[in-house]
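Coordinates in review
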Amino acid sequence: MATTLSSSGRSLDPSHFRLVAAELYNHAGDYRVINDLISNITIRESLFLPSLIVEVTISDAINFFESFALIGQEVLVLEFEKHPVISELPLTRRIEVIITEYSDYAKSPTNANQQAYTFKGISSYAYNSKFQKISRAYSGSSTENMARILTDDLYFNQLAVRGTDSTNGRGVINIQEPLKAIEYFRKIARDENGAPFYFFQSLDNIVRIYSLSYLMSKDTNPVYNDYIYLKGYVSAQGTTDDYKERQTRILEVSSKLGLSKVTQSTQGAYASDNNFLDIANKVYRNKTFDYNGENGTKVRSNKISDGNSVLLSNSFQVGKDYSRPLNTLPNAHKEFISTNTLAFGSALNNYNQELQDGIQSLNAFNAKFNTMTHNIELNGDFNLNAGRKLRLLFPKSMEANAYKGFNPEDYETQHIDTLLSGEYLVTSVMHKFEFGEQEDKHICSLEVKKDSVFSEI
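Report on the accompanying structure. None of the values given here were measured: they were computed from a predicted structure.

**Here's the deal with empty space enclosed by the protein**
Once rolled over the atoms, a probe with the size of a water molecule shows which space is left empty. For the coordinates displayed, the defined rule picks out two cavities of 30 Å³ or more. For the largest cavity, the calculated volume is near 50 Å³. Taken together, 14 residues line the largest cavity, and the ones lying closest to its centre are Tyr138, Gly140, Ser142, Gly169 and Ile188. For the lining of the largest cavity, the class distribution of residues is four nonpolar, nine polar and one charged.

Here it is in structure tokens:
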């Protein structure tokens, strides 16, 4: 768009943003405003990362690296603002990270006085974790212990916990970093459906401990917005309708269809053979997981609302005489875990006993999570965060004349590609802030997933 701001100063382009401040503090406590030195900023958030990761590229023609005495003990504070034409008040985000590495450095091939370098930073609690080791007894639920480590050992209190943790254990944290101990608990944490928990930080700086069931629920995590893959725009430029149209447009997309039932089965998606040996009483137990059986119903209903398909068909059979559905072949995935029921002499479980109760459902949830994956680009939005749920709409491949009749405001079911479309969970976001001579742009690159095809999550 040629014009990015309205007469009131609000953004007419959803990719527009303003870098209010970029302050770099050195080891001596001095700081410099480096707005004019930055060529791009990337902030990554993901369900699978315990902290935001910030990457900044500096274009330096003033010998800033040497003059400001950068020695690897720096703090970066970034403040962004967006004021959409559809919003009365501006939206802001403030990010503070500690620099962990200066990863790339280069001199200009055409100008000996020009240099560029990239540095990366992480949140203060993640940085602090590298300099600590903890070891102590613990008891209670896994999420309670994760929260306790974050607040008591890493001194970070911006925390939200969602989902009911079904674990209740007791044990000893061996000598390790606090964040590694958090991951130790996260691996066994499960909610009432047997679904896993995630520990991650969002662009608003809040650390979240959320269960997958909470994230997938229509009640607790409704769809944030609908996004459509189309080319061309129909609204007049510089209007609120044009802003909304661009805000909900998928700019780029690539997809990975993880439909392989072989891969999913070998990871324990549909059946598994789980073996447990209690070393205290010399008692062996076996638990068989069946996706279509009673112990698999909470993982995912096999029925799809429109009745045209199922998530796992019993008509497809292999095994002996090719007569066995996949959910009746537990040897595809085996687990062997030793337990000790007399470790503490109480009703509380130890770590391996919690695994005994939850490993089969955790494996099933995790194995199916990569069934459908899209990597999409959208115009920037501070509220597009990991853990959001989006509805993506892709038109069917069709002739040009038919395609022209596809109106995103009035689409019909027959226009939609039901394989690719549907509700998806955002698993990671890269907020890319690019600074240009004409205009600055904020683009979000997202990875979104769902655990099935022809259905909503």
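The rest of the description comes next.
**Concerning the environment of Leu49**
Checked against the element boundaries, Leu49 lands in the loop between strand 3 (38-46) and strand 4 (53-60). Residues Leu49 and Thr427, spaced 378 residues apart in sequence, show a C-alpha to C-alpha distance of 10.0 Å. Excluding residues within four positions of it along the chain, Leu49 makes contact with Arg44, Phe199, Phe200 and Gln201.

**Re the nonpolar core**
Residues Ile34, Ile41, Ile43, Leu76 and Phe80 are the most contacted members of the largest nonpolar core, which totals 27 residues. Breaking this core down by element, the ones donating at least two residues are strand 1 (18-25), strand 3, strand 4, strand 5 (75-82), strand 6 (91-107) and strand 7 (115-122). Grouped together as the second largest cluster of nonpolar side chains are 26 residues, Tyr125, Leu150, Ile209 and Phe276 included.

**Comments concerning the pattern of salt bridges**
Per the stated rule, a full pass over the model turns up 15 salt bridges. Glu96 is paired through a salt bridge with Arg94; the nearest N and O atoms lie 3.7 Å apart. On the accessibility criterion, Glu96 (41% relative accessible area) is partly exposed. Within the structure, one salt-bridge network assembled from shared partners comprises Asp226, Arg391 and Glu423.

**Structural notes on the sheet that holds strand 19 (residues 334-339)**
Taken in spatial order, the three strands of this open sheet run 16-15-19, and their pairing is mixed. Taken across any chain shown, the strands that pair with only one partner, and hence form the sheet edges, are strand 16 (283-290) and strand 19. On average, each strand axis in the sheet is inclined to that of its neighbour by 20°, with strand direction left out of account. Taken together, the eight bridges between strand 15 (residues 271-278) and strand 16 define a ladder with antiparallel strand orientation. The residue of strand 16 that forms the bridge with Asp273 is Thr288. Here helix 8 (residues 351-368) sits on the sheet in contact with strand 15, strand 16 and strand 19, set at roughly 165° to strand 19.

The rules behind the values
Residues numbered from 1 in each chain as written. Predicted model: local features only at pLDDT ≥ 70, side-chain atom pairs only at ≥ 80, totals over all residues. Heavy atoms only, no water. 1 Å grid on protein atoms, 1.4 Å probe; cavity = no way out; pocket = protein on both sides within 12 Å on 5 of 7 lines; lining within 4 Å. Points joined across faces, edges and corners; volume = space filled by probe spheres on them. Nonpolar A, V, L, I, M, F, W, Y, C, P; charged D, E, K, R; others polar. Helix = DSSP H or I, 4+ residues; strand = E, 2+ residues; numbered from the N terminus. Contact = heavy atoms within 4.5 Å. Core = buried A, V, L, I, M, F, W, Y, C linked by side-chain atoms within 4.5 Å. Buried < 20%, exposed > 50% of the residue type's maximum accessible area, 1.4 Å probe, protein only. Salt bridge = Lys/Arg side-chain N within 4 Å of Asp/Glu carboxyl O. Pairing = 2+ DSSP bridges. Axes fitted to C-alpha atoms, helices over the stretch in contact; angles between N-to-C directions.

Taken by themselves, the reported measurements are silent on function.
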